[in-house]
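Structural overview
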Amino acid sequence: MVRTLLRWTFAVVVVAFLAWACWALGQWQWDKHDRIDADSARIQRYLDEPPVPLDSLVRPGDAVAKDEEWRPVTVSGTYDTSQQVTVRFTTRDKQPGVDVVTPLVTDDGTAVLVNRGWVQVPNNDVESIDIPDPPAGEVTITAWLRPDTGADGSAIAVQDDQVRAISSEVLADHTGYTLYPGFVELQEEDPAPAESLAHEPAPEESSAQNFFYAWQWWFFGVLGLVGAVYFGRQSVLELRQRRAARADEASAAGTDERQASETSSA
């Protein structure tokens with residue numbers, strides 16, 4: 001009896017823990033779903049707004065706030081291609097290539113890193129291609145504001161004018177300019193260049209996967225509870241049946257003994 005009670009107690013604790021874990025994992029996916037939906041709505045609202053001057057949002061020494069990412073901005077200046085770097089190992093439609101990042105120097109001498117776009121590079125060999133030049137002289141651009149990628153170590157170190165991730169702090173040392181924080185994703189230039197690069201497409205992030213993951217985890221939790229109740233009920237019924245069978249056997253044995261006793265007495 002004690003052993004059976006311990007076994008049932010252990011089973012109840014395990015099932016309760018698994019149900020709680022499924023609920024927690026489902027809630028975690030649902031929170032991600034809500035966060036992605038909120039970010040998508042904010043980004044779409046930004047993309048529908050007219051651009052604002054870059055220096056009205058950030059200045060050198062600031063940081064790009066998360067809720068300012070993808071804001072359309074405008075800024076004027078002159079490209080300095082002598083300090084241009086490429087971001088390796090970027091792909092479009094599964095094709096290898098690089099992003100081209102060029103400082104745009106404003107009238108006061110500060111600069112902003114401009115991701116002018118993507119160009120396909122066979123086998124990531126930058127020296128094998130000619131990167132189109134930006135417009136000469138002063139240019140006014142419209143772009144999307146982005147924070148630094150958040151990478152560190154060798155990913156942001158400049159080697160042969162190449163990086164694997166953008167860091168405005170590291171590139172400030174490399175270029176010698178006082179840089180605006182983060183970088184901008186170019187969308188339009190005035191005047192237009194002779195040959196444009198492939199601009200960054202508008203972000204598209206779906207929360208559908210997280211939605212289904214959340215319900216999947218909750219379904220598993222409910223399924224575990226229902227299964228535990230079902231198998232528990234079956235175990236109780238089987239136990240009752242075994243006890244009833246033993247009782248019937250004991251009753252039958254008692255009857256046989258009484259009959260044998262009465263027969264021997266007669």
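A quick note: this is a predicted structure, and the numbers were derived from the prediction, not measured.

**Focus on the pattern of salt bridges**
- With the rule as written, the count across this model stands at seven salt bridges.
- Residue Arg146 pairs with Glu69 through a salt bridge whose shortest N-O separation is 2.8 Å. Taken together, the residues span a long stretch of sequence, with Arg146 in strand 6 (residues 138-146) and Glu69 in the loop between strand 1 (52-53) and strand 2 (72-79) at a distance of 77 residues. For the pair Arg146 and Glu69, one class covers both residues: buried.
- The residue Arg146 makes a salt bridge to Glu185 at a minimum N-O spacing of 3.0 Å. Taken together, the residues Arg146 in strand 6 and Glu185 in strand 8 (residues 183-190) connect sequence positions 39 residues apart.
- Relative accessible area serves as the criterion here: at 17%, Arg146 is assigned to the buried category.
- Through salt bridges with shared partners, a single network forms among Lys66, Glu69, Arg146 and Glu185.

**Notes on the side chain of Ser167**
- You can see Ser167 is positioned in the loop between strand 7 (162-163) and helix 2 (168-175).
- Residue Ser167 is classed as buried on the basis of its relative accessible area of 9%.
- In contact with Ser167, other than residues within four places in its own chain, are Asp148 and Ile156.

**Regarding the pairing of strand 5 (residues 111-120)**
- Burial runs high along strand 5: nine of the 10 residues are buried.
- Two elements, strand 4 (residues 95-105) and strand 5, share nine bridges in a ladder whose sense is antiparallel. For Leu104, the partnering residue across the bridge sits in strand 5 and is Val112.
- In this structure, strand 5 lies alongside strand 8, joined through two bridges in parallel fashion. Note that in strand 8 the partner of Val114 across the bridge is Val184.

**Some remarks on the side chain of Thr90**
- By the element assignment, Thr90 lies in strand 3 (residues 85-92).
- Reaching out from Thr90, the side chain makes a polar contact with the backbone nitrogen of Asp99 at a distance of 3.4 Å.
- Beyond its immediate stretch of four places on either side in the chain, Thr90 contacts Gln95, Pro96, Gly97, Val98, Asp99 and Trp118.

**Some points on the environment of Ala136**
- Along the chain, Ala136 falls in the loop between strand 5 and strand 6.
- Relative accessible area serves as the criterion here: at 71%, Ala136 is assigned to the exposed category.
- Each C-alpha atom of the pair Ala136 and Thr78 lies 7.3 Å from the other, and the pair is 58 residues apart in sequence.

**Quick word on helix 2**
- Listed as buried for helix 2 are Ser168, Leu171, Ala172 and Thr175. Buried residues of helix 2 fall within an arc of 115° about the axis and therefore sit on the same side. With respect to the buried face of helix 2, the exposed residues turned more than 90 degrees away are Glu169 and Asp173.
- Among the structural elements, strand 3, strand 4 and strand 5 are those in contact with the buried residues of helix 2.
- Positive backbone phi, approximately 85°, marks Gly176, located one or two places after helix 2.

What counts as what
Residues numbered from 1 in each chain as written. Predicted model: local features only at pLDDT ≥ 70, side-chain atom pairs only at ≥ 80, totals over all residues. Heavy atoms only, no water. Salt bridge = Lys/Arg side-chain N within 4 Å of Asp/Glu carboxyl O. Helix = DSSP H or I, 4+ residues; strand = E, 2+ residues; numbered from the N terminus. Buried < 20%, exposed > 50% of the residue type's maximum accessible area, 1.4 Å probe, protein only. Contact = heavy atoms within 4.5 Å. Pairing = 2+ DSSP bridges. Polar contact = N/O pair within 3.5 Å; in protein donor to acceptor, adjacent residues only side chain to side chain. Arc of directions from axis to C-beta.

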